Amino acid sequence: MKKLILLIMCIFLLSGCNNQVYTKNLFYMDTFINVKIYSSDKKKALDALSYIDQMYNDYDMLADRYKSHDGVINIKYINEMDINQEIKIDNRLYEMIEYSKSFHAKTNGLFNIALGNVIDVWSEYRNGNKTGVPTTEELLKSGSTSIDDLSLLGNDTIMKKGDISLDLGAIAKGYVTELAGEYLEGIGLNKYLITAGTSSVKVGEHYRNDKYKIGLTDPLDTSNLYKTVKGNNISVTTSGSYDRYYEYDGVKYHHIINPNTFFPSNNSLAVTVITDDAALGEVLSTTLFLMSVDEGKKYISDMEGVEAIWYEMDGGITLTDGMSNYE
Amino acid sequence: MNRYDFILISVILFVCLLFLGITYINGEKDANVAYVYYDNKLVKTIDLRIDETKEYIVKGYNGDVVIETKKNQIRVKEEKSPLNLCSKQGFISSSLETIVCLPNKVVIKIESSNDELDAVVR
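As a starting point, this report considers the structure included with it. (Residues numbered from 1 in each chain as written. Chains lettered and ligands numbered in written order. Predicted model: local features only at pLDDT ≥ 70, side-chain atom pairs only at ≥ 80, totals over all residues.)

## Some details on the overall build of chain A
Working step 1: Counting its secondary structure elements, chain A contains nine helices and 15 strands.
Working step 2: Relative to the 2.2 N^0.38 estimate, which gives 20 Å for 327 residues, the radius of gyration of chain A is 22 Å and therefore close to what a compact globule would have.
Working step 3: Referenced to the eigenvectors of the C-alpha coordinate spread, the extents of chain A come out at roughly 80 × 50 × 35 Å.
Working step 4: By the burial criterion, 38% of the 327 residues in chain A qualify as buried.
Working step 5: Within chain A, counting contacts between residues at least 6 apart in sequence, those at least 24 apart form 57% of the total. (Helix = DSSP H or I, 4+ residues; strand = E, 2+ residues; numbered from the N terminus. Rg over C-alpha atoms; globule rule 2.2 N^0.38 Å. Buried ≥ 20, exposed ≤ 12 C-beta atoms within 10 Å, placed from the backbone. Contact = placed C-beta atoms within 7 Å.)

## Concerning the sheet that holds strand β8 (residues 119-121) of chain B
Working step 1: Sheet architecture is open: three strands sit in the order β9(A)-β8(A)-β8(B), paired in mixed fashion. In this open sheet, the two edge strands, each paired with only one partner strand, are β9 (221-231) of chain A together with β8 of chain B. Shown here is a sheet whose adjacent strand axes are inclined to one another by a mean of 35 degrees, direction ignored. (Pairing = 2+ DSSP bridges. Axes fitted to C-alpha atoms, helices over the stretch in contact; angles between N-to-C directions.)

## Here's the deal with the pairing of strand β1 (residues 33-38) of chain B
Residues and elements named next belong to chain B.
Working step 1: The pairing of β1 with strand β2 (residues 41-47) spans six bridges and is antiparallel. From the neighbouring strand, Y35 faces β2, where its bridge partner is T45.
Working step 2: Counted along the chain from β1 to the antiparallel partner β2, the turn is two residues long, and its residue D39 has a positive phi close to 50 degrees.
Working step 3: The pairing of β1 with strand β7 (residues 106-111) spans six bridges and is antiparallel. Bridge pairing links Y35 to K109 in β7.

## Here's the deal with helix α4 (residues 91-106) of chain A
Residue and element names in this part refer to chain A.
Working step 1: With 16 residues, α4 should cover 22 Å at 1.5 Å per step; its first-to-last C-alpha distance of 23 Å lies within 8% of that length.
Working step 2: Along α4, the residues that are buried comprise L93, M96, I97, S100 and F103. Projected onto a plane normal to the axis of α4, the buried residues spread over an arc of 120 degrees and lie on a single side. Of the residues in α4, the exposed ones pointing more than 90 degrees away from the buried face are N91, A105 and K106.
Working step 3: Tucked inside the fold, the buried residues of α4 contact α2 (42-63), β4 (150-152), α7 (172-186) and α8 (278-289).
Working step 4: Note on α4: the residue one or two positions beyond its end, N108, has a positive phi of about 50 degrees. (Expected span 1.5 Å × (residues − 1). Arc of directions from axis to C-beta.)

## Side note on the interface of chain B and chain A
Working step 1: Between chain B and chain A, the contact holds 23 residues from the first and 33 residues from the second.
Working step 2: At the level of elements, α1 (3-29) and β8 of chain B are the ones that each hand at least two residues to the side of chain B that touches chain A.
Working step 3: Counting residues per element, the side of chain B that touches chain A draws most heavily on α1 of chain B, which supplies eight residues.

## Quick notes on unusual backbone geometry
Working step 1: Look at N84 of chain A: it is not a glycine, yet its phi comes out positive at around 55 degrees.
Working step 2: Judged by the 9 C-beta atoms lying within 10 Å of it, N84 of chain A is exposed.
Working step 3: Within the chain, K105 of chain B stands out as a residue other than glycine whose phi angle is a positive 55 degrees.
Working step 4: Note on placement: K105 of chain B falls in the loop between β6 (98-101) and β7.
Working step 5: When the 19 C-beta atoms within 10 Å are taken as the criterion, K105 of chain B is described as partly exposed.

So this is what it looks like as structure tokens:
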């Protein structure tokens, strides 16, 4: 009898008295990040929120290619330094560059963090500093886009061999979000939800023995959702062409540039990737966005735990078979 | 089981129910409230249940941000920013939509008690 009563007490304690939500809004990496932790341990949750704030802050400075920060060797510094000069950088930045660079070969060159020169040309047009559309010639002569011009020499030391400009915009947010999620799991705060910008969400365990429900915005009618993904311990990342673009002569030019053509790619309106790793999700959503639907399906077919949804140009929707696990 | 066990259990049950009650009441009270943040600090809480058009002004990084509300809806009416993405976004009415004015570091979120989704990705 005593044991039974003890058990009932425990159940009440677990279900009734715990799991407040602790939340923090952050502005980093040109976007808005919301972290929610569900926990009964207020101090631990608040400490974790501060720690994650610091994490995004540090990586934001390291990955920054527009601003210098005192005493920080960041992407801007690397982009502006002389070639053939060895430099030791922060281990965290080195690892992020190494991780990103490794996907260049794995994606047949589609995932390339050395596109900065070309991206800058497009930015001039998108911001309205220049009118129209850049010519292929203008894009070609903007500078090197070869990732091989960056040597990783080990021991956190790098060297540039050409005038490349690194841009971690396609990876930094997801990379840090993944680290933040892993940090929370590591200290036992398994119930969390991190919204990193509008295009990426990472969730842990659910706060109520349920599944997180994540809506996907309809690219053709952005006030509506076209699908809901349900799951725990997943990240959901979308690459879409309908949010950041400019229009010229009736044609829309968006921000995801194909490294082979230097022009925005138009295979799909949006591609959403579901995987347990937010950094991988970021890499794959960009990569799949640059492939045709068939190529993309084939590309991820042998990857375990990776599912995808393509919202095609004509409004058609293609799912991988495993998506049924998240219905 | 003696008398003290009984008292202990009663007290714990009571505390549990109290907490449940507080959570429930909090949830009800926060229904359809808009929270306005500037640089990660809550600067305004607006009750959206009132059925009239109202204007509010909050400080933004580039100057004043004018916010307009209607019943269960909120939008940024005017802001100083290069692309004016915030005011172009128009009214939002669900807690899953967020207005983010990056240049002004202003965020507007709605909390309502009847949302089924945890997040939205676009």
